[in-house]
Amino acid sequence: MTWPLRALLGPMLWAAAFSAIYAVHGLGCALDWPARPAPVGDLHRFALISLWLASLMGGALILWRMPKAGDAGDRIARAGGWIGFLAILLTLFPVLGLTTCG
């Protein structure tokens, strides 16, 4: 895989995670998931947090599989992985604490 594609893996994972989490949020509100119990709390919050954690694990896997050292392309690809991981961590973090449906 070429370095431009590897550099875009992290941001593409963030975009997919962002879309999936907010799609599940809307679906959960429409189907009244906050009223349904789950292993930890209600089904809505459980689904959102599970997707967030799975996305973080995907970002960590991308970083783990990136080459540690190399030329400029490898460093740029690694930076893209970090950008995606941190974007997932910070922009999707509100699923942990905000109210789900209003």
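These numbers were taken from a predicted model, which means no experiment stands behind them.

K.L.:
Is there a simple way to explain the overall build of the chain in this structure?
P.N.:
When helices and strands are counted, the chain shows 3 helices and 0 strands. Counting from the amino terminus, the chain carries its helices and strands in the arrangement α-α-α. Whereas a compact globule of 102 residues would reach a radius of gyration of roughly 13 Å, the chain reaches 16 Å, over 25% beyond that. Expressed as lengths along the three principal axes of its C-alpha atoms, the size of the chain is roughly 55 × 20 × 20 Å. Looking at the chain as a whole, 31% of its 102 residues are labelled buried. Across the chain, contacts joining residues at least 24 apart in sequence account for 68% of those joining residues at least 6 apart.

K.L.:
Just checking my understanding: could you explain the environment of Trp 64 for this structure?
P.N.:
Within the secondary structure layout, Trp 64 lies in helix H2 (residues 43-65). Judged by relative accessible area, which is 61%, Trp 64 ranks as exposed. Measuring from C-alpha to C-alpha, the distance between Trp 64 and Gly 81 comes to 9.4 Å, with 17 residues separating the pair along the chain.

K.L.:
Hey, could you run me through the side chain of Arg 78 in this one?
P.N.:
Within the element layout of this structure, Arg 78 appears in helix H3 (residues 72-91). Buried within the structure, Arg 78 lacks any salt-bridge partner; Asp 74 is the closest side chain of opposite charge, at an N-O distance of 9.6 Å.

K.L.:
Looking at this structure, I do not really get the pattern of salt bridges. What am I missing?
P.N.:
Pairs can form between side chains of opposite charge once their charged atoms are near each other. Per the stated rule, a full pass over the model turns up 1 salt bridge. Measuring nitrogen to oxygen at the nearest pair gives 3.0 Å for the salt bridge that ties Asp 74 to Arg 6. Taken together, the residues span a long stretch of sequence, with Asp 74 in helix H3 and Arg 6 in helix H1 (residues 3-30) at a distance of 68 residues. Taking relative accessible area as the criterion, Arg 6 reaches 16% and is therefore assigned buried.

Reading guide: rules and limits
Residues numbered from 1 in each chain as written. Predicted model: local features only at pLDDT ≥ 70, side-chain atom pairs only at ≥ 80, totals over all residues. Heavy atoms only, no water. Helix = DSSP H or I, 4+ residues; strand = E, 2+ residues; numbered from the N terminus. Rg over C-alpha atoms; globule rule 2.2 N^0.38 Å. Buried < 20%, exposed > 50% of the residue type's maximum accessible area, 1.4 Å probe, protein only. Contact = heavy atoms within 4.5 Å. Lys, Arg positive; Asp, Glu negative; His and termini not counted. Salt bridge = Lys/Arg side-chain N within 4 Å of Asp/Glu carboxyl O.

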